[in-house]
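Summary of the model geometry
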Amino acid sequence: MASPAMANHPFRPADAGGLRGEGFAQAVREHYPAGVDALIDGAVQGNEIAAAIKDRGTVITLRGYDQPGERGIVFQPIVVVDYARASEKLHTLGRQAEEGLLSLRVAQELPMDQAPQAHRRLEAGGVRGRLVLVF
(Lines give C-alpha, C1' and ligand atoms only; values in the text may rest on other atoms or scores of the structure.)
Protein backbone atom coordinates (compact mmCIF):
# COMPACT_ATOMS: atom_id res chain seq x y z
CA MET A 1 0.00 0.00 0.00
CA ALA A 2 1.21 3.51 -0.78
CA SER A 3 2.37 5.63 2.11
CA PRO A 4 -0.06 8.35 3.22
CA ALA A 5 2.24 11.01 1.76
CA MET A 6 2.42 9.17 -1.55
CA ALA A 7 -1.34 8.72 -1.67
CA ASN A 8 -1.89 12.46 -1.17
CA HIS A 9 0.83 13.67 -3.52
CA PRO A 10 1.70 11.01 -6.10
CA PHE A 11 4.47 11.97 -8.49
CA ARG A 12 4.53 10.29 -11.87
CA PRO A 13 7.27 10.64 -14.51
CA ALA A 14 4.61 12.18 -16.74
CA ASP A 15 4.47 15.06 -14.24
CA ALA A 16 8.02 15.87 -15.35
CA GLY A 17 7.15 15.62 -19.02
CA GLY A 18 8.35 12.02 -19.22
CA LEU A 19 11.91 13.32 -19.11
CA ARG A 20 14.95 11.44 -17.99
CA GLY A 21 18.58 12.44 -17.86
CA GLU A 22 19.36 16.12 -18.34
CA GLY A 23 16.42 18.26 -17.30
CA PHE A 24 14.64 15.61 -15.23
CA ALA A 25 15.69 16.92 -11.81
CA GLN A 26 14.72 20.48 -12.80
CA ALA A 27 11.30 19.29 -14.01
CA VAL A 28 10.71 17.50 -10.69
CA ARG A 29 11.69 20.65 -8.77
CA GLU A 30 9.16 22.65 -10.81
CA HIS A 31 6.41 20.47 -9.31
CA TYR A 32 8.07 19.98 -5.91
CA PRO A 33 10.37 22.95 -5.20
CA ALA A 34 11.74 21.33 -2.02
CA GLY A 35 12.44 18.09 -3.89
CA VAL A 36 10.93 14.65 -3.37
CA ASP A 37 11.64 12.23 -0.54
CA ALA A 38 12.48 9.35 -2.86
CA LEU A 39 12.58 8.16 -6.46
CA ILE A 40 12.88 4.80 -8.16
CA ASP A 41 15.56 4.86 -10.87
CA GLY A 42 15.07 2.16 -13.46
CA ALA A 43 16.91 4.08 -16.18
CA VAL A 44 20.41 4.12 -14.67
CA GLN A 45 20.39 7.88 -14.18
CA GLY A 46 22.44 7.59 -11.01
CA ASN A 47 23.69 10.88 -9.67
CA GLU A 48 21.99 12.82 -12.51
CA ILE A 49 18.69 12.71 -10.61
CA ALA A 50 20.09 13.53 -7.16
CA ALA A 51 19.16 17.21 -7.55
CA ALA A 52 15.48 16.15 -7.55
CA ILE A 53 15.82 14.56 -4.08
CA LYS A 54 15.51 16.28 -0.71
CA ASP A 55 18.51 16.18 1.61
CA ARG A 56 18.80 12.72 3.22
CA GLY A 57 16.34 11.30 0.67
CA THR A 58 16.53 7.93 -1.06
CA VAL A 59 16.98 6.72 -4.61
CA ILE A 60 16.01 3.09 -5.20
CA THR A 61 18.07 1.80 -8.11
CA LEU A 62 16.85 -1.17 -10.10
CA ARG A 63 20.04 -1.72 -12.04
CA GLY A 64 22.62 -1.82 -9.29
CA TYR A 65 23.87 1.77 -9.06
CA ASP A 66 25.40 1.94 -5.59
CA GLN A 67 27.48 5.07 -5.10
CA PRO A 68 27.66 7.44 -2.15
CA GLY A 69 25.39 10.45 -2.57
CA GLU A 70 25.87 14.04 -1.58
CA ARG A 71 23.63 15.83 0.95
CA GLY A 72 23.01 12.53 2.72
CA ILE A 73 21.14 11.02 -0.23
CA VAL A 74 21.16 7.22 -0.12
CA PHE A 75 21.31 5.15 -3.30
CA GLN A 76 19.76 1.78 -2.43
CA PRO A 77 20.08 -0.93 -5.09
CA ILE A 78 17.25 -3.44 -5.33
CA VAL A 79 17.83 -6.64 -7.25
CA VAL A 80 14.57 -7.64 -8.90
CA VAL A 81 15.26 -11.37 -8.60
CA ASP A 82 15.35 -10.94 -4.81
CA TYR A 83 11.64 -10.10 -4.98
CA ALA A 84 10.56 -12.83 -7.41
CA ARG A 85 8.73 -14.70 -4.64
CA ALA A 86 7.62 -11.67 -2.61
CA SER A 87 4.02 -11.98 -3.77
CA GLU A 88 2.60 -9.39 -1.34
CA LYS A 89 5.05 -6.76 -2.60
CA LEU A 90 4.38 -7.71 -6.22
CA HIS A 91 0.62 -7.41 -5.66
CA THR A 92 1.16 -3.97 -4.13
CA LEU A 93 3.14 -2.88 -7.21
CA GLY A 94 0.37 -4.23 -9.44
CA ARG A 95 -2.28 -2.24 -7.55
CA GLN A 96 -0.15 0.89 -7.68
CA ALA A 97 0.24 0.50 -11.46
CA GLU A 98 -3.53 0.00 -11.86
CA GLU A 99 -4.20 3.11 -9.74
CA GLY A 100 -1.79 5.20 -11.80
CA LEU A 101 0.70 5.71 -8.97
CA LEU A 102 3.37 3.96 -11.07
CA SER A 103 3.69 4.53 -14.78
CA LEU A 104 4.79 1.72 -17.03
CA ARG A 105 6.42 2.49 -20.36
CA VAL A 106 6.55 -0.12 -23.09
CA ALA A 107 8.81 0.88 -25.96
CA GLN A 108 7.76 -2.00 -28.21
CA GLU A 109 6.23 -5.47 -28.19
CA LEU A 110 8.12 -8.03 -30.27
CA PRO A 111 7.38 -11.66 -31.14
CA MET A 112 9.64 -14.12 -29.32
CA ASP A 113 11.55 -14.97 -32.48
CA GLN A 114 12.88 -11.39 -32.48
CA ALA A 115 14.54 -11.77 -29.06
CA PRO A 116 18.05 -11.41 -30.55
CA GLN A 117 17.08 -8.09 -32.16
CA ALA A 118 15.60 -6.92 -28.84
CA HIS A 119 18.87 -7.73 -27.04
CA ARG A 120 20.89 -5.86 -29.67
CA ARG A 121 18.63 -2.81 -29.25
CA LEU A 122 19.09 -2.89 -25.47
CA GLU A 123 22.86 -3.26 -25.78
CA ALA A 124 23.01 -0.30 -28.18
CA GLY A 125 21.26 1.88 -25.58
CA GLY A 126 18.73 4.63 -26.01
CA VAL A 127 15.61 2.48 -25.55
CA ARG A 128 12.99 4.46 -23.62
CA GLY A 129 10.79 1.93 -21.88
CA ARG A 130 10.74 -1.84 -21.91
CA LEU A 131 10.96 -4.17 -24.85
CA VAL A 132 8.34 -6.86 -24.27
CA LEU A 133 8.67 -10.29 -25.85
CA VAL A 134 5.27 -11.76 -26.68
CA PHE A 135 5.07 -15.56 -26.47
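**Regarding the environment of Ala118**
- In this fold, Ala118 is placed in helix H4 (residues 115–124).
- The class for Ala118 is buried, based on a relative accessible area of 6%.
- Taking the C-alpha atoms as reference points, Ala118 and Val132, 14 residues apart in sequence, are found 8.6 Å from one another.
- Apart from the residues lying within four places of it in its own chain, the contact partners of Ala118 are Leu110, Leu131 and Leu133.

**Focus: the sheet that holds strand S3 (residues 74–77)**
- A sheet is described by the order of its strands in space; here three strands give the open sequence S1-S2-S3, paired in parallel fashion. Bordering the open sheet on either side are strand S1 (36–41) and S3, each of which pairs with just one other strand. Neighbour-to-neighbour, the strand axes of the sheet open up by a mean angle of 15°, direction not taken into account.
- Of the strand pairs in this sheet, strand S2 (residues 53–61) and S3 are connected by four bridges, and their pairing is parallel. Within the sheet, the bridge partner assigned to Thr61 lies in S3 and is Pro77.

**Here's the deal with the confidence of the model for the protein chain**
- In this model, the protein chain carries an average pLDDT of 77, and 80% of its residues clear a pLDDT of 70 or more.
- Across residues 1–8, confidence stays below pLDDT 50; counting only partners more than four residues off in sequence or on other chains, it has eight contacts.

**Remarks on helix H3 (residues 87–98)**
- Compared with an ideal rise of 1.5 Å per residue, which puts 12 residues at 16 Å, H3 spans 16 Å between its outermost C-alpha atoms and is within 8% of the ideal.
- Immediately beyond the C-terminal end of H3, within one or two residues, lies Gly100, with a positive phi of roughly 85°.

**Things to note about the side chain of Thr92**
- With respect to the helices, strands and loops of the structure, Thr92 is situated in helix H3.
- On the basis of relative accessible area, Thr92 is assigned to the buried category, the value being 13%.

**Let's talk about the pattern of salt bridges**
- Summed over the entire model, instances satisfying the criterion amount to two salt bridges.
- Taking the shortest distance from any N to any O, the salt bridge between Lys54 and Asp37 comes out at 3.3 Å. Linking Lys54 in strand S2 with Asp37 in strand S1, this pair joins segments that are 17 residues apart in sequence.
- For Lys54, a relative accessible area of 31% gives the class partly exposed.
- Asp55 is the partner of Arg71 in a salt bridge, and the nearest nitrogen-oxygen pair spans 2.6 Å. Placement of Arg71 in the loop between S2 and S3 and of Asp55 in strand S2 is noted, with a sequence separation of 16 residues between them.
- Take Arg71: its relative accessible area is 38%, and that puts it in the partly exposed class.
- Judged by its relative accessible area of 43%, Asp55 falls in the partly exposed class.

Criteria and cut-off values
Residues numbered from 1 in each chain as written. Predicted model: local features only at pLDDT ≥ 70, side-chain atom pairs only at ≥ 80, totals over all residues. Heavy atoms only, no water. Helix = DSSP H or I, 4+ residues; strand = E, 2+ residues; numbered from the N terminus. Buried < 20%, exposed > 50% of the residue type's maximum accessible area, 1.4 Å probe, protein only. Contact = heavy atoms within 4.5 Å. Pairing = 2+ DSSP bridges. Axes fitted to C-alpha atoms, helices over the stretch in contact; angles between N-to-C directions. pLDDT = per-residue confidence, 0-100. Expected span 1.5 Å × (residues − 1). Salt bridge = Lys/Arg side-chain N within 4 Å of Asp/Glu carboxyl O.

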